[in-house]
Every structure is written in structure tokens, then in C-alpha cells.
Number of protein chains: 2
Amino acid sequence: MRLSELSRRSGVATATVKFYLREGLLPPGRRITATQAEYDERHLRRLRLVRALIQVGGVSVASAREVLAALDDDSLDQNERLGTAVCALPHGKPADADDPAMETARRRAEQLLELLDWGYDPATGATIPAYGMLVTAIAALERLGYPCTVADLEPYARTLGRLAVNDLDLVERYGGTADEQVEAAVALTVLYEPVLLALRRLAEAEESRRRFGRK
Amino acid sequence: MRLSELSRRSGVATATVKFYLREGLLPPGRRITATQAEYDERHLRRLRLVRALIQVGGVSVASAREVLAALDDDSLDQNERLGTAVCALPHGKPADADDPAMETARRRAEQLLELLDWGYDPATGATIPAYGMLVTAIAALERLGYPCTVADLEPYARTLGRLAVNDLDLVERYGGTADEQVEAAVALTVLYEPVLLALRRLAEAEESRRRFGRK
């Protein structure tokens, strides 16, 4: 397909598609004349992923490039590519200065992951961005006077463990090659975040109505 | 306590505390001399909430003021205050232009909430920001070629429904007056979001290792 069709089918403006091509977020098409190139389904899929990362995930062009580099790294297996790509996603503000709350939070996070037996390796695990994000979040709760213990965290972690099984079932249900599934897994990681946060607020409103609402 | 102690106990710099006082995010202390005022536990609690909203939730000063106004509105009951405060939190970018994906997403969200029997009233519900956030998120999935049906969404919604029960149990466990509980509920809504997103990414990494990892 031509650039105009790629734009139409993806819903991304041609100027934006050209920008992504220039930035290397989209591989060049197959040149057919001096001014025209031909694109295929892989371009369309990649364009959709870039769109998900940048527009929904708020990922910068530089981070998107890192995510895509991980997806295209043939030296990694499917699990490593997914892991590396998710690690390249932004993870909120970096951890605050070291204080007693950070120390407590680090201990809690480590105890939690040990309890869950999530194959967490303290030697390398501390470098996983999602782990740093968890520690920072627990420290913030601690500092603000809402201590969150391992027992408080456990039901959330177990629940999200079950949802992760569901997430990857969904990815396998979409079908496609191993490459396509890794791409879909990264896209769904990002795209389901606002779905989860929105459903949580709606669920809380419902539960608040049940508990505290006028009878 | 004096401003210096309020700053020490909250971990918020005195210049920042003074800024919050000027912006009306913190009620004035009880004046004891021309230059000094006395603050109490309510100030400390309020200061912690403001900190949670602004630093962790990324809430603007103007939105924080709206959230606090809802919490202080005596004409509302506990459920209404919580609902109004959560509605005043930011909910991501507003919905995109109307297109077929938005239409589909609106229908799906409505069917989902009907199925869950979450007391959703289509007449007023469409104005709840979390509902708009859900519709926008479903539309983004749809547009990017990852259709998410009511059946796909249902397990996520049911799971978050159970977590919401847990959220409010946690709030009741912290104890305190009805006012303090509504404050805690708003703080935990914001503070647990990064906890959930971080745990989800860790859970996905674990599940990916199980399915696709080198044996």
C-alpha cells in the first residue's frame, strides 16, 4: 500500500507517518519510484504500536525507539524481548532521595516478591524499573502516614498476578506469529493501564455508594 | 505545633508549606502572635493529602483545590464527598473527536456497566470523568486493532470490583472519623495507582517468563 493508504487505515495523519519514518520509529517502505514507496501489513502493525506508545502511554520518541529496538533484537528470545521492551517504557519519576521510608519500602517490596515466589532475583531485580516504581510508591504511602504492609500489598499482587495470566491469554487469542504476539503484549501493557485505572475508580464509586450512600 | 514542626513532621519544606497556605490548600493556623501561628493534627493530615495529590497524583494546584473543596463541603454526605472529590481528580486527556471507534466504545462501556449492575445511570453517568476515561481507553484499543469486547473487559472489571472492597476495608482499618476516612479514601485512590501499575508489570514479567522463557 502507498503512504496515503497506510495513513487512512491507521488513522494517523500522513505528516505524522512521515515524522515517524524520519525518526526511525517506522522502517522505510520498499522504494518503487524516486518519490514513492510501498508499505505492508508489518508497517501498519508497527504504526499502531507506535501510536499506542506515544498517544496513550505518553512515551517519548526516544523511549519508543528503545522499546522498538528491544522488539527487533533477534539475539533475544520472546520472553527477553517482552521484558526488555516493557523495561524501556517510562516508569514515573525516579526514586526520591534515600530516607528511612525508602529503606522500609525496599524491605517490604523484597519480602512481598519473596512471598509470591515471583522468581525475583535481588541481585538483578533491583534494576528492573517496575521494581523501582513499586518501592517509590510504597515509600510515598509510608511518608504520608498510610503504612502499607506486606499483608496489605499481598491481595493486590495476587490479584494482578491473575490478571497477568488473563493479559497474556488475550495476547495469545489475538494469534499471529511470536513477533506479533510480543508486539501485542507491549501494546496491551500500555493500552490497558487507563482501562484498569478507570474501572478502579468506577468500582470504588460503586463500593462507596454501597457502604456510605443514603439508604 | 509551629510551622517548623509541621514541616518536619510532614517532610514538606517550610517554603512549600507557606506556598500551600497562600494558595488556600491548607487552612490558616490559629494566630498566636503577629508573626506566629499554631497548627494541629488536622493541618498535618491535610498537608499529607495535598502532598499525595500533587507529588504522586500529578494533580495541579487548581485541581487539588477542587478536590479539597469537595471534602470540606458539609452539604454532601460521606459518599457524595468521596465521589465529588474523586471526580475532581485529573482523568487523562479528554475524549478524542467523535468517530466510529468512540461510538463502539460508548456502547461497550454501557453494556459492561449494565452487566455488572454497578448502579450506573446513563442519564448522569456519562458525565462521570472515570466513565469518559474508560470510553476513551476502549476507543484507543479499538482504533489500534486490538478490539476489546464486553467479555474481554468483564474479568478486569470484576477483579477491580473486588479490589475496591479491599480498598475501602483498608480505609476503615485506618480508623478515624468519617471526615478522616473520606480523606484517606481519596489519598489511597491516588497513592495506590502506581502500586497497581508497578505490580501489574512485575506480574506480567513473571507470567511471560513462565510461558515464553528459556526452559
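The name given to chain A in an unreviewed UniProt entry is MerR family transcriptional regulator, with the source organism recorded as Streptomyces chromofuscus.

**What to know about empty space enclosed by the protein**
This structure, assessed with the given rule, holds one cavity of 30 Å³ or more. Forming the walls of the largest cavity are A:Leu160, A:Leu163, A:Leu196, A:Leu197, B:Leu160, B:Leu196 and B:Leu197. If you list the elements that add at least two residues to the lining of the largest cavity, you get α9 (150-174) and α10 (178-212) of chain A together with α10 (178-212) of chain B. Residue composition of the lining of the largest cavity, by class: seven nonpolar, no polar and no charged.

**Digging into the nonpolar core**
With 150 residues, the main nonpolar core has A:Leu53 and B:Leu53 as its most contacted residues. When sequence neighbours within four positions are dropped, the list of residues in contact with A:Leu53 reads A:Gly58, A:Val59, A:Ala64, A:Val67, A:Leu89, A:Val186 and A:Val190.

**A closer look at the packing of aromatic side chains**
Counted according to the given criterion, the structure contains four aromatic pairs over all chains. Measuring from ring centre to ring centre gives 6.0 Å for A:Phe19 and A:Tyr20, while their planes differ by 50°; the resulting arrangement is tilted. Classification of A:Phe19 by relative accessible area gives partly exposed; the value is 30%. Relative accessible area serves as the criterion here: at 3%, A:Tyr20 is assigned to the buried category. Judged by centre distance (5.0 Å) and plane angle (40°), the ring pair of A:Tyr156 and B:Tyr192 falls under tilted. Taken as a pair, A:Tyr156 in helix α9 and B:Tyr192 in helix α10 lie in two separate chains rather than in one. Considered together, A:Tyr156 and B:Tyr192 belong to a single accessibility category, that of buried residues.

The rules behind the values
Residues numbered from 1 in each chain as written. Chains lettered and ligands numbered in written order. Predicted model: local features only at pLDDT ≥ 70, side-chain atom pairs only at ≥ 80, totals over all residues. Heavy atoms only, no water. 1 Å grid on protein atoms, 1.4 Å probe; cavity = no way out; pocket = protein on both sides within 12 Å on 5 of 7 lines; lining within 4 Å. Points joined across faces, edges and corners; volume = space filled by probe spheres on them. Helix = DSSP H or I, 4+ residues; strand = E, 2+ residues; numbered from the N terminus. Nonpolar A, V, L, I, M, F, W, Y, C, P; charged D, E, K, R; others polar. Core = buried A, V, L, I, M, F, W, Y, C linked by side-chain atoms within 4.5 Å. Buried < 20%, exposed > 50% of the residue type's maximum accessible area, 1.4 Å probe, protein only. Contact = heavy atoms within 4.5 Å. Phe/Tyr/Trp six-rings, centres within 6.5 Å; stacked < 30°, edge-to-face > 60°.

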